[in-house]
Amino acid sequence: MQFKDVIGHDTLKKQFIQEVNDDHISHAQLFLGKTGYGSLSLALAFVQYIFCENKESHDSCGTCASCRKISALQHPDVHFSFPTVQAISKLSDEQFPEWKKLVEEEPNFSLNDWISYSDPKGRKPILSVHQSQEIIKKLSLKSFEGNYKVSIIWMAEEMNQGCANKLLKIIEEPPAKTLFILIAENQEVILPTILSRTQLVKVKPISDQEMEKYLVNKGIQDDELKKSIVARSEGNARLAKELASGEKANNQNRTDFIQLMRICYKKEVLPMLDWAEKMGNYGREDQKNFLLYALYMIRQSLMKNYTEEQLMRASAEEVTFLQRFSRFITNNNVQDFTQLFNDAHYYVERNAHAKLLFTNITFEVMRYIHRA
Ligand SMILES: [Zn+2]
């Protein structure tokens, strides 16, 4: 992770670079702020900058051996601890492959993401005395590459008293060239003994301006949509990313659905085959999403026919489309439509031949839509 990959936080980035260049790195830092603001990304970029063999004035090089090891979360001198469900594993190391997988997907994930990913029973994970022993053991070894040894402790507020007590001494008087980065969301629940021994680094919400830039990079051009995502995400990059990809998928589904209904209504056979071909090339998840969206639009159409109230859940574009389309969904065909898309969803899940399946959909839709 390079600084350029971390959204916003220009002031903190400058501060970290300064610390490294002045060779004045505080040995225990507490990054405080919601995980979605990017604290783990910042920590990874900071550590990568420390280790980089060809540092530039504003960022690590991203290509030297150290950069590559840190990016891959495989540097022998950079250790990670995070809460675990003690019944599953008392050590972070044993669950590291799973935790790493989440980091690779989205480094700004939350404790809840981790819980639902790592424990089907959803039990509360903690950092226990076993994990502090694990940390102390690793840091007491000589560093592999003769540079810093780093311990990143994610969601440090989940430390229990035993864990914290065991760590106090080493945090206060660490071996030379040791760096602790504690990442936490909630200052109130961090044990005061830990708080008083660390330098506080406040990780604030990502500014609206930075978030807008990020959304443009993600391909969100529409001004209204951008504003709406910025407002709803409240400085949380993870949430913004989720909203953005949801909106993009929804736009695509809407376009595909409107196209399907239009060409089937006009009985345009060649465009129908083209449409089926296109849908057949989508990934399975996208195909399933489309079919769920089609079911949703059929339900919305029916509702529109029976209630003249504003459709609460439909977007402005959908409402415009439904104004004209809903009269084609009636008691004469709603069950057929519902069954068609439901069955298709079932078959896609079981690896049906997608092009045949979507071709069949177009011909059935053509029949049903003229039965209204
Ligand atoms: Zn480098």
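Moving on: the overall build of the protein. On a plain count of helices and strands, the protein comes out with 16 helices and 5 strands. For the protein, whose C-alpha radius of gyration is 26 Å, the value lies well above the compact-globule estimate of 21 Å for 372 residues. Taken along the three principal axes of its C-alpha coordinates, the protein extends 80 × 45 × 40 Å. Counting only residues that meet the buried cut, the protein has 35% of its 372 residues in that class. Within the protein, contacts between residues separated by at least 24 positions form 75% of all contacts whose residues are at least 6 apart in sequence.

Under the domain assignment, the protein is made up of domain 1 (3-204) and domain 2 (251-369). Relative to domain 2, the C-alpha centre of domain 1 lies at a distance of 47 Å.

Further remarks concern the sheet that holds strand β5 (residues 199-202). Strand order in the open sheet formed by 5 strands is β2-β3-β4-β1-β5, with parallel pairing between adjacent strands. Either end of the sheet is taken by a strand with one partner, and the two such strands are β2 (78-81) and β5. Here the average twist between neighbouring strands, direction ignored, is 20°. Of the pairings in the sheet, the one linking strand β3 (residues 149-154) to strand β4 (residues 178-184) comprises 6 bridges and is parallel in character. Note on β4: the bridge partner recorded for Lys149 is Thr178. Helix-sheet contacts for helix α2 (residues 39-51) involve β1 (28-32), β2, β3 and β4, and the interaxial angle to β4 is about 165°.

Between helix α15 (residues 334-349) and helix α16 (residues 354-369), the least distance of the axes is 11 Å, while the angle of their chain directions is 180°. Regarding the angle of α15 to α16, the classification is roughly antiparallel. Where α15 approaches α16, its residues Asp336, Phe337, Leu340, Ala344, Tyr347 and Val348 are matched on the opposing element by Ala354, Leu357, Ile361, Glu364 and Tyr368. Of the residues belonging to the contact of α15 with α16, the class tally is 9 nonpolar, no polar and 2 charged.

Counting 59 residues, the largest nonpolar core has Phe31, Ala43, Val47, Ile152, Ile181, Leu182 and Ile183 as the members making the most contacts within it. Top element by residues in this core is α2. It accounts for 10 residues. Aside from chain neighbours lying at most four places away, what touches Val47 is Ile70, Val78 and Val150. Met261, Trp275, Val348 and Ala354 belong to the second-largest nonpolar core, a separate cluster that totals 25 residues.

So, about unusual backbone geometry. Even without a glycine there, the phi angle at Met155 is positive, about 60°. Within the element layout of this structure, Met155 appears in the loop between β3 and α7 (161-172). The exposure class of Met155 is buried, given the 22 C-beta atoms found within 10 Å. In the Ramachandran plot, Glu234 falls in the positive-phi region, its phi being about 50° despite a non-glycine side chain.

For the rest of this paragraph, the subject is the packing of helix α9 (residues 208-217) against helix α10 (residues 223-233). Orientation of α9 relative to α10, taken along the N-to-C sense of each, is 125°, at an axis distance of 10 Å. Looking at the two axes, α9 sits oblique to α10. α10 is crossed by α9, and the crossing has right-handed handedness. From α9, Asp208, Met211, Glu212 and Leu215 reach across to α10, where they touch Lys226, Ile229, Val230 and Ser233.

Here we come to the environment of Asn54. Looking at the secondary structure, you find Asn54 in the loop between α2 and α3 (65-71). Residue classification places Asn54 among the exposed positions, given that 11 C-beta atoms sit within 10 Å. Leaving out residues up to four positions away in the same chain, Asn54 has contacts with Cys61 and Cys64.

The next thing to look at is the environment of Ser66. By the secondary structure assignment, Ser66 is in helix α3. Placed 238 residues apart in sequence, Ser66 and Lys304 show a C-alpha to C-alpha distance of 59 Å. Setting aside chain neighbours within four positions, we find Ser66 in contact with Phe51, Cys52, Glu53 and His75.

Rules used in this analysis
- Residues numbered from 1 in each chain as written.
- Predicted model: local features only at pLDDT ≥ 70, side-chain atom pairs only at ≥ 80, totals over all residues.
- Helix = DSSP H or I, 4+ residues; strand = E, 2+ residues; numbered from the N terminus.
- Rg over C-alpha atoms; globule rule 2.2 N^0.38 Å.
- Buried ≥ 20, exposed ≤ 12 C-beta atoms within 10 Å, placed from the backbone.
- Contact = placed C-beta atoms within 7 Å.
- Domains from an automatic or database assignment.
- Pairing = 2+ DSSP bridges.
- Axes fitted to C-alpha atoms, helices over the stretch in contact; angles between N-to-C directions.
- Parallel < 35°, antiparallel > 145°, perpendicular 65-115°, else oblique.
- Nonpolar A, V, L, I, M, F, W, Y, C, P; charged D, E, K, R; others polar.
- Core = buried A, V, L, I, M, F, W, Y, C linked by C-beta atoms within 7 Å.
- Left-handed = near helix turned anticlockwise from the far one by under 90°.

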